[in-house]
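Examining the three-dimensional arrangement
Here is how the chains run, residue by residue.
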Amino acid sequence: MASLVEFDRIEKKICEIFHVLELTDFQRKAIKSSMNGKDVLVVSKTGSGKSLIVEEVHAIDNRTKDAVVIVILPLLSIMVEQVEKLVGLGFAATYIGKDHAEDKAILSGQFDFVYGSPEELAGNGKWRDMMLAIRSRISFIVVDEVHTVVNWGESQGTEEPFRAWFSHIGELRSLCPGTPLMAGTATASVEKRKKIMDSLYMSVLTTDVLVDSPDRPNIKLSVKCVKATHDLQDTFWWIVKHLSDTMPHYVIFCKTIKDCSLLYNTLKPKDNETTGLVQMYHSKTLHSIKDEIRTTLSNESGKVRLLVCTNAAGMGVNFAAVNNVINYGPPQDMDTFIQQIGRAGRDGTQAQHLLVYHKHQMKNLEKPMLAYVKNTEHCRRENLVESYGCKNNSKPVGHLCCNVCNEECDCGMEDCTELFNIELINMPPSDTFEEEEETTFRRSTEKQSDQLQDLLQQYQKQLSTDSSGRLLANETVHGFLEQLVAQIVA
């Protein structure tokens, strides 16, 4: 058990290394658990300082000066960002694959931090042997964005796992017995926490689970339903109208690369090659372009004003200058949704989130996500937080809370009747966004089609016969031609 004096010494050391004035209570709890040699599962919202909890583990270990921290991450973009930060702070840090000339140094344990994917560290014998060879020097195994262990590592119904090696991360513990493990994520429901702990062999008796409310009180939550037949240009015309190099930064999340590409090509201006106002970000985007996008969206004067992306930009990416986030269609689960919401307002300033959806985007949603989308009567913030078994002691004033509370707000403030910092007030009238009635189609049999054709031809003959029984030309009487009959039957 670490003494109070020892903890104070470590806290001071961490603050000096990472240039922070003091740690939050949540960070202190996590660090104390780590100092006591426990496994730690940290569930804390985006922007809460969770990265520091992961990065400071090197400062905690006192067994050896050449301790090595193994960090497992799902995306190269996050590795690049974190390695650059640690190198800037004076640590020897790298990621597997960065430069093959570094492989020998990695294998011999010459780095303070070694980052890698599950496919490399769990699936490649070369790197498993490395962990076995330097196991006495490995002070911590860190699994960041740990919700992917379940989301990507497990099969979904009849579908194969997206990245099966995520479900094998726990095997690495057998290579380094006794080495504590720290796992972090912004979101994990009660059920998902249990699955994560089971997969990583984190015992209930020796693991401290630290859970923070997923609420981001500086982000207003809004939902709009559009008709499935509504044109994308019409749905997002209010963004196109204001698109300029002085417009606030917007990020629009799409469910698939196909949707992302379609929306990008719909919204980009003709001179986009020159201005670069609109960009696209997904798993297939070149790393050089991703780097440029991350840089520009961390700068208030950055040239990219509208980013259309998939969830590739939803994890571990710090868009410091973004205060407006939109989802075009809800993701399947609430964890992904909260990750994406968290791209807004990371500097603590007032921000806005909008979910725009149509009925065809509602298939296969998990129950909490479906409840959030369908809810029109209760506070969306409370709805979101309660799905994680948490409660809010306080929430923002109504018109800054959500679009449901906005309708009931009578605070008397000057901007009470307005939606904050997003041009929703300029969107088409609400009747444009009413859900369409479900239309059902059924294919007829060949016999039914023949019967329908006979009835239509009989009706056509009735229309073409005058009172004296003479047949008249269809074109001059009613226009109900043979071609129209054929189209109806088809």
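Higher on the page you've got the structure.
It should be emphasised that the depicted structure is a prediction, and the values quoted were computed from it without experimental measurement.

Procedures and definitions
Residues numbered from 1 in each chain as written. Predicted model: local features only at pLDDT ≥ 70, side-chain atom pairs only at ≥ 80, totals over all residues. Heavy atoms only, no water. Helix = DSSP H or I, 4+ residues; strand = E, 2+ residues; numbered from the N terminus. Contact = heavy atoms within 4.5 Å. Pairing = 2+ DSSP bridges. Axes fitted to C-alpha atoms, helices over the stretch in contact; angles between N-to-C directions. Salt bridge = Lys/Arg side-chain N within 4 Å of Asp/Glu carboxyl O. Parallel < 35°, antiparallel > 145°, perpendicular 65-115°, else oblique. Left-handed = near helix turned anticlockwise from the far one by under 90°. Nonpolar A, V, L, I, M, F, W, Y, C, P; charged D, E, K, R; others polar. Buried < 20%, exposed > 50% of the residue type's maximum accessible area, 1.4 Å probe, protein only. Phe/Tyr/Trp six-rings, centres within 6.5 Å; stacked < 30°, edge-to-face > 60°. Right-handed = clockwise from strand over helix to strand, strands pointing away. Core = buried A, V, L, I, M, F, W, Y, C linked by side-chain atoms within 4.5 Å. Arc of directions from axis to C-beta.

A few words now on the overall build of the protein. Along the backbone of the protein there are 22 helices and 13 strands. Restricting the contact set of the protein to residue pairs at least 6 apart, pairs at least 24 apart contribute 72%.

This paragraph deals with the sheet that holds strand S11 (residues 306–309). Overall, parallel pairing links the six strands, which are arranged S8-S13-S12-S9-S11-S10 in an open sheet. The open sheet terminates on both sides in strands that have one partner only, identified here as strand S8 (219–225) and strand S10 (278–281). Averaged over all neighbouring strand pairs, the angle between strand axes comes to 20°, with direction disregarded. Pairing of S8 with strand S13 (residues 351–357), which is carried by seven bridges, proceeds in the parallel orientation. Note on S13: the bridge partner recorded for Ile 219 is Ala 351.

By the definition in use, this model includes 20 salt bridges. One network of salt bridges, in which partners are shared, links Glu 11, Asp 25 and Arg 28.

Interhelical geometry of helix H1 (residues 4–18) versus helix H2 (residues 25–35) gives an angle of 120° and a closest axis separation of 11 Å. In terms of orientation, H1 lies oblique with respect to H2. Classified by chirality, the crossing of H2 by H1 is right-handed. Touching Glu 6, Phe 7, Ile 10, Glu 11 and Ile 14 of H1 are Arg 28, Ile 31, Lys 32 and Met 35, all from H2. In terms of residue class, the contact of H1 with H2 is built from five nonpolar, no polar and four charged.

Further remarks concern unusual backbone geometry. Positive phi is not limited to glycine here, since Tyr 201 has a value of about 55°. In this fold, Tyr 201 is placed in the loop between helix H10 (190–199) and strand S7 (207–211). A residue is classified by how much of its surface remains accessible, and Tyr 201, at 57% relative accessible area, is exposed. The backbone of Asn 364 shows a phi angle near 60°, a positive value even though the residue is not glycine. Of note, Asn 364 is situated in the loop between S13 and helix H17 (367–374). A relative accessible area of 66% means that Asn 364 is categorised as exposed.

What follows is about the sheet that holds S7. Taken in spatial order, the seven strands make up an open sheet running S3-S4-S2-S5-S6-S1-S7, and their pairing is parallel. Each of the sheet's edge strands pairs with one partner strand only, and the pair in question is strand S3 (93–95) and S7. Taken over all neighbouring pairs, the strand axes of this sheet differ in orientation by 15° on average, direction set aside.

Per the counting criterion, the structure on display carries six aromatic pairs. Ring centres of Trp 152 and Phe 162 lie 5.2 Å apart, and the angle between their planes is 80°; on these two criteria the pair is classed as edge-to-face. One end of the pair, Trp 152, is in the loop between helix H9 (148–151) and strand S6 (181–185); the other, Phe 162, is in the loop between H9 and S6, and 10 residues separate them in sequence. The class for Phe 162 is exposed, based on a relative accessible area of 60%. For the ring pair Trp 152 and Phe 166, a centre distance of 5.6 Å and an interplane angle of 80° mean the geometry is edge-to-face. Pair noted here: Trp 152 is in the loop between H9 and S6 and Phe 166 is in the loop between H9 and S6, with a separation of 14 residues, a long-range link. Judged on exposure class, the residue Trp 152 and its partner Phe 166 are both buried.

Here we come to the pairing of S13. With seven of seven residues buried, S13 lies mostly within the body of the structure. Both faces of S13 are covered, namely the face carrying Ala 351, His 353, Leu 355 and Tyr 357 and the face carrying Gln 352, Leu 354 and Val 356. Where the polypeptide runs from strand S12 (residues 324–328) across helix H16 (residues 334–341) and back to S13, its parallel neighbour, the crossover connection is right-handed.

Moving on: the side chain of Ser 44. For Ser 44, the location among the structural elements is in the loop between strand S1 (39–43) and helix H3 (50–55). Assessed through its relative accessible area of 1%, Ser 44 is described here as buried. Among residues more than four places away in sequence, those in contact with Ser 44 are Phe 26, Lys 50, Thr 185, Ala 186 and Asp 212.

What follows covers the side chain of Asn 218. With respect to the helices, strands and loops of the structure, Asn 218 is situated in the loop between S7 and S8. The residues touching Asn 218, leaving out its near neighbours within four places in the chain, are Gly 345, Gly 348, Thr 349, Gln 350 and Ala 351.

By size, the foremost hydrophobic cluster in this structure holds 72 residues, and its most contacted members are Tyr 115, Leu 121, Met 131 and Leu 200. Other than its neighbours up to four places away in sequence, Leu 200 contacts Val 143, Val 146, Ile 169, Gly 170, Arg 173, Leu 181 and Ala 183. Judged by nonpolar contacts, the second largest core, of 40 residues, contains Val 251, Met 334, Leu 365 and Val 373.

Our next topic: H10. Of all the residues in H10, the buried ones are Lys 192, Arg 193, Ile 196, Met 197 and Ser 199. The buried residues of H10 all sit within an arc of 165° when viewed along its axis, so they share a single face. Opposite the buried face of H10, by more than 90 degrees, sit the exposed residues Val 190, Glu 191 and Lys 194. Residues of H10 that are buried in the fold lie against S1, H9, S7 and H16. Downstream of H10 by a residue or two, Tyr 201 has a phi angle that is positive, lying close to 55°.

With that settled, the discussion passes to H17. Among the residues making up H17, those that are buried are Met 369, Tyr 372 and Val 373. One face of H17 carries all of its buried residues, which in axial projection span an arc of 95°. In this fold, the buried residues of H17 make contact with S8, H16, S13 and helix H18 (380–386).

Mapped onto the secondary structure, Gly 116 falls in strand S4 (residues 113–116). Assessed through its relative accessible area of 0%, Gly 116 is described here as buried. For Gly 116 and Met 79, which are 37 residues apart along the polypeptide, the C-alpha to C-alpha distance reads 7.7 Å.

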